[in-house]
Amino acid sequence: MTVRVRFAPSPTGMFHVGGARSALQNWIYAKQQGGVFVLRIEDTDAARNKPEWTEGILSALDWIGIERGSYEGPYFQSQYAGEHRAAAQRLFESGRAYYCDCTREAVQARTGSQYSGYDGFCRDRGLEPGEGRALRFRTPDEGTTVVVDLIRGEPTFENKLIEDFVIARGDGSPVFLLANVVDDMTMGITHVIRAEEHLPNTPKQQLLWDALGVKPPVWAHVPVVVNEKRQKLSKRRDKVALEAYRDEGYLAAAMRNYLMLLGWAPSGDREIVPWSVIEEEFRLAEVNPSPAFFDEKKLRAFNGEYIRALPIEEFVDACQPWLTGTGTIAPPPWQPEEFDADAFAAVAPLAQTRIAVLSEIVPNVDFLFLASPLVDEAAWAKAMKEGSAELLDAAVAAFGALESWDAESLKATLEAIGAERGLKLGKAQAPVRVAVTGRTVGLPLFESLEVLGRERTLTRLRAARTRLV
Ligand code: GLU
């Protein structure tokens, strides 16, 4: 039997990191089993679906390494409406489902509670299909439904506690529970690896598989992803969109490595490992069923390590989208013609060790490309002290007279200027740095000045000096 797994997102919003994690787990499982990965877009919620979300899913999957053309699909659930309706009809004809015209109010009035679920009132009324009549599945009165789950063992559900749930609405349209099962059957899915949030649906869905006469798939419900307060990651509260991480400058390799650690770890005391190791070592059965903490700080640190490990040319290339502002990435504060690739290449090794996400490249190098630095006023107030004006005067004079414009000479010069004033190098650097870069922190100062050049450095020192009068 060929293993066939599927990833079945609904295109109702940005692509969630939890979804990316499930997609990767499906992807690896299929690969390990010599199986097939199917992508199905569950686009039947017409009110909430947008075509751009579908495109977002495809491009986010591409980015994370699940590339278009290397999987089966995408199929679109909306194209299988005929199959969904036919299955509903079969269940009705075989007596496994019945029509019901109860309103919610009527059910509540009978049961006395809004929580008790459907009371089976129409089970034996023999209603024919009709406008406004929902189709309900007749759940067994006895026995249990045992879900075989690769991660959770065999969660067992008492059938009598499962209400007669709706499978098609009053207007005849099948609901998600049924459509999802019928599609999995149509597509020959053997293993359903999906988020834990769907576990309450699973016994109902398995009953549908049984009623439709097809052997149910093996299930694997992967743990819910939570924030530091142990709350399920939510798009209203947390940063959950894979696209947001991509646009901020997380590397795909770091991201997918991190996502695979949600509930699982490679052998040894390692977390950062090549993708090939993850593909080899990952075991679905080893995934911890408890909620997995999505630790943004840790991800950031991870990303910094991945950035530092890049060969310098790759780092330079990887920074380009933020330096030029392509696609969904905001343009940098300089004009395209102000950008100087050689100057960037000269400081890139200094920046590579200092940034944790690629977008941070911009505030580190903007001083090189802007006609005058973007001055952070708080930094200015902090750095410009009593005596700073004189220090800048001295720097202008001494830097102007330097024979060789290089980092070492610049450093020695400023060191001497500071010493004359009883200032350590750090203190002497602060006004110069703010005058030239607009900030109190940044790349090593003297290398920066070397790349910026004498003329531009002196102009900025003089401009700052004027402001201090
Ligand atoms: N479309 C469902 C979702 O996005 C997935 C259902 C499933 O994986 O079975 O949550």
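The protein appears in an unreviewed UniProt entry as Glutamate--tRNA ligase from Micromonospora deserti. Its UniProt record gives the protein the following Function (unreviewed entry) comment, quoted word for word: "Catalyzes the attachment of glutamate to tRNA(Glu) in a two-step reaction: glutamate is first activated by ATP to form Glu-AMP and then transferred to the acceptor end of tRNA(Glu)." Checking UniProt for the protein, the heading Sequence similarities (unreviewed entry) contains the comment "Belongs to the class-I aminoacyl-tRNA synthetase family. Glutamate--tRNA ligase type 1 subfamily."

Participant: Help me understand the UniProt feature "short sequence motif: 'HIGH' region" (unreviewed entry) in the protein in this model?
Facilitator: The UniProt feature table records "short sequence motif: 'HIGH' region" (unreviewed entry) at residues 9-19. Here residues 9-19 is 27% helix and 0% strand, with 7 Å between the C-alpha atoms at its ends.

Participant: Any chance you could explain a positive patch on the surface here in plain terms?
Facilitator: There is a patch of like positive charges on the surface, built from Lys-382, Lys-385, Lys-424 and Lys-427. One can find Lys-385 in the loop between helix H14 (377-383) and helix H15 (388-401).

Participant: Could you clarify how one ought to interpret the UniProt feature "binding site: ATP" (unreviewed entry) in the protein in this entry?
Facilitator: Residues annotated by UniProt as "binding site: ATP" (unreviewed entry) correspond here to Lys-235. Assessed through its relative accessible area of 51%, Lys-235 is described here as exposed. What Lys-235 contacts, discounting residues up to four positions off in sequence, is Thr-12, Gly-13 and Val-240.

Participant: What am I meant to see in the packing of aromatic side chains here?
Facilitator: Within a pair of aromatic rings, the relevant descriptors are the distance that separates the centres and the angle that separates the planes. The tally for this structure, following the rule as stated, stands at 17 aromatic pairs. When the ring of Tyr-245 is compared with that of Tyr-250, the centres are 5.3 Å apart and the planes differ by 70°; the resulting orientation is edge-to-face. Using a relative accessible area of 0% as the deciding quantity, one classes Tyr-245 as buried. Of the residues examined, Tyr-250 reaches a relative accessible area of 4% and is grouped as buried. Where Tyr-245 meets Phe-294, the ring centres are 5.8 Å apart and the plane angle is 70°; that geometry is what we call edge-to-face. Of the two residues, Tyr-245 sits in helix H7 (residues 242-248) while Phe-294 sits in the loop between strand S12 (292-293) and helix H10 (296-308), which places them 49 residues apart along the sequence. Between the NZ or CZ atom of Arg-110 and the centre of the ring of Phe-121, over which it lies, the distance is 3.9 Å.

Participant: Whenever I open this one, the site of the ligand confuses me. Can you help?
Facilitator: The immediate surroundings of the ligand are formed by Arg-6, Ala-8, Pro-9, Ser-10, Glu-42, Phe-176, Asn-180, Arg-194 and His-198. Here a nitrogen atom of the ligand and a side-chain polar atom of Ser-10 are 2.9 Å apart. Note that an oxygen atom of the ligand is positioned 3.2 Å from one of the side-chain N or O atoms of Asn-180. Contact with the protein chains covers 79% of the free accessible surface of the ligand, which is 300 Å². Broken down by class, the residue content of the shell around the ligand amounts to 3 nonpolar, 3 polar and 3 charged.

Participant: Before we go on, may I ask you to explain the packing of H15 against helix H16 (residues 407-420) in this structure?
Facilitator: Pairs of packed helices are described in terms of their axes, by the angle between the two and the distance that separates them. For the pair H15 and H16, interaxial distance at closest approach is 10 Å and the crossing angle is 140°. When the axes of H15 and H16 are compared, the crossing they make is right-handed. In this structure, H15 uses Leu-391, Ala-394, Ala-395, Ala-398 and Phe-399 to contact H16, whose residues at the interface are Leu-410, Thr-413, Leu-414 and Ile-417. For the contact of H15 with H16, the per-class residue count stands at 8 nonpolar, 1 polar and no charged.

What counts and how
- Residues numbered from 1 in each chain as written.
- Predicted model: local features only at pLDDT ≥ 70, side-chain atom pairs only at ≥ 80, totals over all residues.
- Heavy atoms only, no water.
- UniProt positions renumbered as here; feature names shortened; annotations may be inferred.
- Helix = DSSP H or I, 4+ residues; strand = E, 2+ residues; numbered from the N terminus.
- Patch = residues over 30% accessible without salt bridge, like charges linked within 9 Å, V, L, I, M, F, W, Y side chains within 5 Å.
- Areas by Shrake-Rupley, 256 points an atom, 1.4 Å probe, with all protein chains shown as cover.
- Salt bridge = Lys/Arg side-chain N within 4 Å of Asp/Glu carboxyl O.
- Lys, Arg positive; Asp, Glu negative; His and termini not counted.
- Charge placed at Lys NZ, Arg CZ, Asp CG, Glu CD.
- Buried < 20%, exposed > 50% of the residue type's maximum accessible area, 1.4 Å probe, protein only.
- Contact = heavy atoms within 4.5 Å.
- Phe/Tyr/Trp six-rings, centres within 6.5 Å; stacked < 30°, edge-to-face > 60°.
- Lys NZ or Arg CZ within 6 Å of the ring centre and 35° of its normal.
- Near = heavy atom within 4 Å.
- Polar contact = N/O pair within 3.5 Å; in protein donor to acceptor, adjacent residues only side chain to side chain.
- Nonpolar A, V, L, I, M, F, W, Y, C, P; charged D, E, K, R; others polar.
- Axes fitted to C-alpha atoms, helices over the stretch in contact; angles between N-to-C directions.
- Left-handed = near helix turned anticlockwise from the far one by under 90°.

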